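Summary of structural features
For reference, the chains in residue letters:
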Amino acid sequence: MADELRRRITSGVLRPGQRMPTQAKLAVEFGVERGAVRQALRILQAERLLTNVSKGSPATVAYDPGRPPVGPAAPPQPAMVGLVPRVAAAFDASHVRIDALCLTAISLTLAMGEPLRQIHAGRLKPAKVDVRVLLPSRDIDLAFPTPVDDASAAGRLRRSWLAQRNAQGRVLRHNLLALRATHGIDVRVAFRALPFTPPVKLYLLNGTEALFAYYTLRRREQEIDHEHLELYDAEGTRSMLFAFERGTDPRETTFVEQSHLWFDALWETISSELTLMD
């Protein structure tokens, strides 16, 4: 039964976002007990082909059936490869909760594009969306990006980073808050400022997934104010993203739980008000 349903999903007979037949109908079609139906659906959920598998409403075909699973067998992926499908899948929930700790929010803003398209197309409609973002404060000396040799360029480089941070934050906030007027979705977006440069990026999705990546510094050249500068920087969209899921095994569950505790502690203690102004 799982093999046949898997074939229907991967071949496109059952399309992303489509509701599966009820468990009762599947039991009749395959001539099996309801318990066998639930077991087959759980197998496909573990393979991330289905979402919302329960004893109540029918399961839903996941929006990206080809993406690799989370857990110990899942290989790390570049942030923009791994983040987009997971953020889109998070919007299957009625109450979407996303926490992010990052340097500029570029990856998160780009990743939001897919679920927003699905909402505008009528294929997704969460009732509530809560997003919290921790970004470095404008008042600190950033560890990176930083000039390789020309210390006099630090001010220009910092202004360039700040403009990028604020622009991405404003776009993210605008796109999400627009869902209130266009689709009647209850949306809350909040930003707070960190007193340090984060060496890692972290995304927490619906209390069940933690996506983690290191900011790996590289030497590169960038044009700022019509001048080419050599700097040390990390391209966050290319950082390798490791995925952890609650319930996969005790180690993964503990990582997700501790990541939430760490984020909440930063949010509630040493972070400060952040305004997206240059």
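Residues numbered from 1 in each chain as written. Predicted model: local features only at pLDDT ≥ 70, side-chain atom pairs only at ≥ 80, totals over all residues. Heavy atoms only, no water.

Notes on the side chain of histidine 260
Looking at where histidine 260 falls in the secondary structure, it is placed in helix α8 (residues 250-268). Ignoring any residue separated from it by four or fewer positions in sequence, one finds histidine 260 in contact with Asp99, Leu204, Gly207 and Arg246. (Helix = DSSP H or I, 4+ residues; strand = E, 2+ residues; numbered from the N terminus. Contact = heavy atoms within 4.5 Å.)

Re the pattern of salt bridges
Summed over all chains, the structure comprises 11 salt bridges. The partner of glutamate 114 in a salt bridge is arginine 117, with the nearest N and O atoms 3.0 Å apart. Note that glutamate 114 and arginine 117 are positioned in helix α6 (residues 113-120) at a spacing of three residues, about one turn of the helix. Taking the shortest distance from any N to any O, the salt bridge between glutamate 257 and arginine 246 comes out at 3.1 Å. Here arginine 246 lies in the loop between β12 (240-245) and α8 and glutamate 257 lies in helix α8, a separation of 11 residues in the sequence. Here the residues in one salt-bridge network are Glu4, Arg8 and Glu29, joined through shared partners. (Salt bridge = Lys/Arg side-chain N within 4 Å of Asp/Glu carboxyl O.)

Quick notes on the layout of surface pockets
Each pocket or cavity is described by its volume, and for the largest pocket that value is around 410 Å³. In terms of lining residues, the largest pocket is bounded by 18 residues, among which Gln45, Arg48, Thr51, Glu209 and Glu245 are the most central. For the lining of the largest pocket, the elements supplying multiple residues, two or more each, are α3 (34-46), β1 (50-51) and α4 (79-90). The dominant element in the lining of the largest pocket, judged by the number of residues it contributes, is α4, at three residues. Around the second largest pocket, the lining is made up of 21 residues, and of these Thr104, Ile106, Gln164, Asp233 and Ala234 lie nearest the centre. At four residues, helix α7 (residues 154-183) tops the list of elements feeding residues into the lining of the second largest pocket. A per-class count over the lining of the second largest pocket returns 10 nonpolar, seven polar and four charged. (1 Å grid on protein atoms, 1.4 Å probe; cavity = no way out; pocket = protein on both sides within 12 Å on 5 of 7 lines; lining within 4 Å. Points joined across faces, edges and corners; volume = space filled by probe spheres on them. Nonpolar A, V, L, I, M, F, W, Y, C, P; charged D, E, K, R; others polar.)

Digging into the nonpolar core
Grouped together as the largest cluster of nonpolar side chains are 43 residues, with contacts concentrated most on Phe91, Ile98, Met112 and Leu176. Per-element tally for this core: the top contributor is α7, with five residues. With residues up to four places along the chain from it excluded, the contact list for phenylalanine 91 reads Val96, Ile98, Met112, Pro115, Ile119, Leu124, Pro126 and Val129. (Core = buried A, V, L, I, M, F, W, Y, C linked by side-chain atoms within 4.5 Å. Buried < 20%, exposed > 50% of the residue type's maximum accessible area, 1.4 Å probe, protein only.)

Some remarks on unusual backbone geometry
The peptide bond linking phenylalanine 144 to proline 145 adopts the cis configuration, its omega dihedral lying at 0°. With respect to the helices and strands, the residue proline 145 is situated in the loop between β5 (128-136) and β6 (146-147). Phi at asparagine 206 takes a positive value of approximately 55°, unusual for a residue other than glycine. If you trace the backbone, asparagine 206 turns up in the loop between β8 (200-205) and β9 (209-214). Asparagine 206 sits in the buried class, given a relative accessible area of 14%. If you check the backbone angles, aspartate 225 has positive phi at about 55° while not being a glycine.

Thoughts on the packing of α6 against α7
Think of two packed helices as two axes; the pair is described by the angle between the axes and how far apart they sit. At a closest axis distance of 12 Å, the pairing of α6 and α7 adopts a crossing angle of 5°. One finds that α6 runs roughly parallel with respect to α7. For the pair α6 and α7, the contacting residues are Leu116, Ile119 and His120 in the first and Asn175, Leu176, Leu179, Thr182 and His183 in the second. Considering only residue class, the contact of α6 with α7 consists of four nonpolar, four polar and no charged. (Axes fitted to C-alpha atoms, helices over the stretch in contact; angles between N-to-C directions. Parallel < 35°, antiparallel > 145°, perpendicular 65-115°, else oblique.)

Quick word on the sheet that holds strand β10 (residues 218-224)
Within a beta sheet, neighbouring strands are joined by backbone hydrogen bonds and run either parallel or antiparallel to one another. Here we have three strands laid out as an open sheet, ordered β6-β11-β10, and antiparallel in their pairing. Both edges of this open sheet fall to β6 and β10, since each of them pairs with a single strand only. Relative to strand β11 (residues 227-233), β10 runs antiparallel, the two sharing seven bridges. Following the sheet pairing, arginine 220 is matched in β11 by leucine 231. In the packing of α7 onto the sheet, contacts are made with β6, β10 and β11, and the angle to β10 comes to roughly 85°. (Pairing = 2+ DSSP bridges.)

Here's the deal with a nonpolar patch on the surface
The grouping of Tyr214, Met240 and Phe242 at the surface amounts to a nonpolar patch, some 290 Å² of accessible area in total. Take phenylalanine 242: it is sitting in strand β12. Among the residues examined, phenylalanine 242 registers a relative accessible area of 32% and is labelled partly exposed. (Patch = residues over 30% accessible without salt bridge, like charges linked within 9 Å, V, L, I, M, F, W, Y side chains within 5 Å. Areas by Shrake-Rupley, 256 points an atom, 1.4 Å probe, with all protein chains shown as cover.)

Scope: geometric values only; no functional claims are made or implied.
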